Number of protein chains: 2
Amino acid sequence: MSDAFEALAHPVRRQILRLLRDGAMSAGHLAEHFDLAKPTLSGHFTVLKNAGLVTTERHGTTILYRLNMSVMEEAMAALLSLMGKAEEKATPWKSVPHSS
Amino acid sequence: MSDAFEALAHPVRRQILRLLRDGAMSAGHLAEHFDLAKPTLSGHFTVLKNAGLVTTERHGTTILYRLNMSVMEEAMAALLSLMGKAEEKATPWKSVPHSS
DNA sequence: CCTATAATTCGTTAGTTTCCTAAATAACAA
DNA sequence: TTGTTATTTAGGAAACTAACGAATTATAGG
């Protein structure tokens with residue numbers, strides 16, 4: 001879990017995740033959104049990948065980066081658990097009616 | 001927001017927050033839970049305080065640390081926004097019926 | 001004022017992060 | 001094979017982090 005928060009701690013990496021919200025994107029296309037050298041971005045990709053926050057998929061010469069929602073959700077759960085009181089530690093999620 | 005995630009990235013600091021879930025605690029009492037020198041813990045307290053995740057309150061010679069829920073919630077919201085799709089970016093929170 | 005207690009700041013060391021340029025690798029096309 | 005494009009790896013400089021012991025500040029009580 002430290003790795004995930006560490007990865008989230010850098011604004012460039014959060015922006016990368018934001019760009020990936022709408023779907024996978026290649027390293028090159030992602031790099032166009034930043035004023036940084038490509039190797040620098042590649043380093044950020046590695047941090048995100050090691051944290052499990054993104055997955056990769058090669059398509060010919062390009063490599064697609066994709067958000068890994070399950071790890072994002074694990075980070076959410078970890079953060080949530082830091083907020084709950086101890087006596088609520090093991091409380092299962094309360095279900096609420098669907099609104100749609 | 002970087003500061004908050006940076007602060008959350010260290011296991012000792014997450015444990016400190018966990019210890020504070022049930023109420024404020026003095027620096028010394030917190031330090032008893034770790035096998036680290038007090039100056040080291042004091043450094044971690046400073047990181048948490050600079051991130052806004054805790055507040056302090058002096059009582060005589062002791063200093064009480066207390067969770068700052070509102071900043072914890074801001075971190076939650078930031079993480080949540082990284083997960084939502086762009087077209088949901090500005091979606092206001094949907095209200096659900098109270099369960100109690 | 002003097003002493004004791006609680007906590008922080010200072011100074012140092014070792015290891016890590018971030019960024020760069022240059023070189024290497026992978027896949028494809030001619 | 002040769003060249004082109006996409007991306008990563010290598011190597012290095014500057015800045016930052018985490019940890020410690022020693023010294024310092026702040027407060028309370030005699």
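Residues numbered from 1 in each chain as written. Chains lettered and ligands numbered in written order. Predicted model: local features only at pLDDT ≥ 70, side-chain atom pairs only at ≥ 80, totals over all residues. Heavy atoms only, no water.

## Quick word on the protein's contact with DNA strand C
This is how it is decided: Each residue is tested against the molecule or strand, and it is near if at least one of its non-hydrogen atoms lies within 4 Å. Counting of polar contacts relies on pairs of N or O atoms within 3.5 Å, with two restrictions inside protein: one atom must be capable of donating a hydrogen and the other of accepting it, and residues adjacent in sequence are counted only when both atoms are side-chain atoms. In this description a helix means any DSSP run of H or I spanning at least four residues, a strand means any run of E spanning at least two, and both kinds are numbered starting from the N terminus. For this scheme, ten residues count as nonpolar: Ala, Val, Leu, Ile, Met, Phe, Trp, Tyr, Cys and Pro. Four count as charged, namely Asp, Glu, Lys and Arg, and the remainder, Gly too, count as polar.
Taken together, 20 residues form the shell around DNA strand C, and within it Thr40 and His44 of chain A together with Gly28, Ser42 and Tyr65 of chain B come nearest. Protein-adjacent atoms of DNA strand C, using a 4 Å cutoff, are sugar or phosphate at a proportion of 81%. At a separation of 2.8 Å, a phosphate oxygen of DNA strand C approaches a polar backbone atom of glycine 28 of chain B. In this structure, a phosphate oxygen belonging to DNA strand C sits 2.4 Å away from a side-chain N or O atom of tyrosine 65 of chain B. Only α4 (38-50) of chain A together with α3 (27-31), α4 (38-50) and β3 (62-67) of chain B provide two or more residues apiece to the surface near DNA strand C. By residue class, the composition of the surface near DNA strand C is eight nonpolar, ten polar and two charged.

## Description of the pairing of strand β2 (residues 54-59) of chain B
What counts, and what does not: For two strands to be treated as a pair, DSSP must find no fewer than two bridges joining them.
The sheet contact formed by β2 of chain B and β3 of chain B spans six bridges and is antiparallel. Note on β3 of chain B: the bridge partner recorded for glutamate 57 of chain B is leucine 64 of chain B.

## Considering the pattern of salt bridges
Pairs can form between side chains of opposite charge once their charged atoms are near each other. Residues and elements named next belong to chain B. What counts is decided by this rule: What counts as a salt bridge is simple: a side-chain nitrogen of Lys or Arg found within 4 Å of a carboxyl oxygen of Asp or Glu. Whether a residue is buried, partly exposed or exposed follows from its accessible area with a 1.4 Å probe, protein chains only, as a fraction of its type maximum: under 20%, in between, or over 50%, in that order.
By the definition in use, this model includes two salt bridges over all chains. A salt bridge links arginine 66 to glutamate 57, with the shortest nitrogen-to-oxygen separation between them at 2.8 Å. Overall, the relative accessible area of 33% leaves glutamate 57 in the partly exposed class.

## Section: the sheet that holds strand β2 (residues 54-59) of chain A
Residues and elements named next belong to chain A. How we decide: In what follows, residue pairs with any heavy atoms lying within 4.5 Å of each other are defined as contacts. Axis definition: a line fit to C-alpha positions, over the contact stretch in the case of helices; interaxial angles, taken between N-to-C directions, run 0 to 180 degrees.
The antiparallel open sheet is built from three strands, whose spatial order is β1-β3-β2. Edge positions in the sheet fall to β1 (25-26) and β2, since each has one partner strand and no second. Across the sheet, helix α2 (residues 11-20) lies against β1, β2 and β3 (62-67), angled at about 90° from β3, the strand it touches most.

## Thoughts on the packing of helix α5 (residues 69-83) of chain A against helix α5 (residues 69-83) of chain B
Cut-off, in case you're wondering: Here the word oblique covers every angle except those under 35 degrees (roughly parallel), over 145 (roughly antiparallel) and from 65 to 115 (roughly perpendicular).
Following both chains from N to C, one finds α5 of chain A and α5 of chain B inclined at 170°, their axes separated by 10 Å at the closest point. Put simply, α5 of chain A runs roughly antiparallel to α5 of chain B. Contact residues: Met69, Met72, Glu73, Ala75, Met76, Leu79, Leu80, Leu82 and Met83 of chain A in α5 of chain A; Met69, Met72, Glu73, Ala75, Met76, Leu79, Leu80, Leu82 and Met83 of chain B in α5 of chain B. Tallied by class, the residues present in the contact of α5 of chain A with α5 of chain B amount to 16 nonpolar, no polar and two charged.

## A word on the protein's contact with DNA strand D
In the vicinity of DNA strand D there are 21 residues, among which Gly28 and Tyr65 of chain A together with Ala37, Thr40 and His44 of chain B approach most closely. In the model, a phosphate oxygen of DNA strand D is placed 2.6 Å from a nitrogen or oxygen of the glycine 28 of chain A main chain. Contributions of two or more residues to the surface near DNA strand D are made by α3 (27-31), α4 and β3 of chain A together with α4 of chain B. The leading source of residues in the surface near DNA strand D is α4 of chain A, at four residues. Broken down by class, the residue content of the surface near DNA strand D amounts to eight nonpolar, ten polar and three charged.

## Digging into α5 of chain A
All names here are of chain A. To keep it simple, the criterion reads: Multiplying 1.5 Å by the helix residue count minus one yields the expected span of that helix. What the arc describes is the spread of directions from the helix axis to the C-beta atoms.
The end-to-end C-alpha distance of α5, which contains 15 residues, comes to 21 Å, matching closely the 21 Å that a straight helix rising 1.5 Å per residue would cover. Those residues of α5 that sit buried are Val71, Met72, Ala75, Met76, Ala78, Leu79, Leu82 and Met83. All buried residues of α5 project into a common sector of 160° when viewed along the axis, lining one side.

## Digging into the sheet that holds strand β1 (residues 25-26) of chain B
Each strand in a sheet pairs with its neighbour through backbone hydrogen bonds, running either in the same direction (parallel) or in the opposite one (antiparallel). Across the sheet, which stays open at both edges, the three strands sit in the order β1-β3-β2 (chain B) with antiparallel pairing between neighbours. Each of the sheet's edge strands pairs with one partner strand only, and the pair in question is β1 and β2 of chain B.

## A look at the packing of aromatic side chains
Residue and element names in this part refer to chain A. Inclusion rule: Pairing of aromatic rings covers Phe, Tyr and Trp, the last counted by its six-membered ring, and requires centre-to-centre distances within 6.5 Å; plane angles under 30 degrees mean stacked, over 60 mean edge-to-face, and any other angle means tilted.
Counted under the stated rule, the structure contains three aromatic pairs over all chains. Plain terms: the ring middles of phenylalanine 45 and tyrosine 65 are 4.6 Å apart, the flat faces sit at 35° to each other, and that makes the pair tilted. Here phenylalanine 45 is found in helix α4, whereas its partner tyrosine 65 is found in strand β3, with 20 residues between them in sequence. Under the relative-accessibility criterion, tyrosine 65 is labelled buried at 10%.

## As for α4 of chain B
All names here are of chain B. Along its 13 residues, α4 runs 18 Å from first to last C-alpha, staying within 8% of the 18 Å computed at 1.5 Å per residue. Listing the buried residues of α4 in full gives Leu41, His44, Phe45 and Leu48. The buried residues of α4 all sit within an arc of 105° when viewed along its axis, so they share a single face. Exposed side chains of α4 directed beyond 90 degrees from the buried face belong to Pro39 and Asn50. Packing partners of the buried residues in α4 comprise α1 (2-8), α2 (11-19), α3, β2 and β3.

Worth remembering: the numbers are spatial, not functional.
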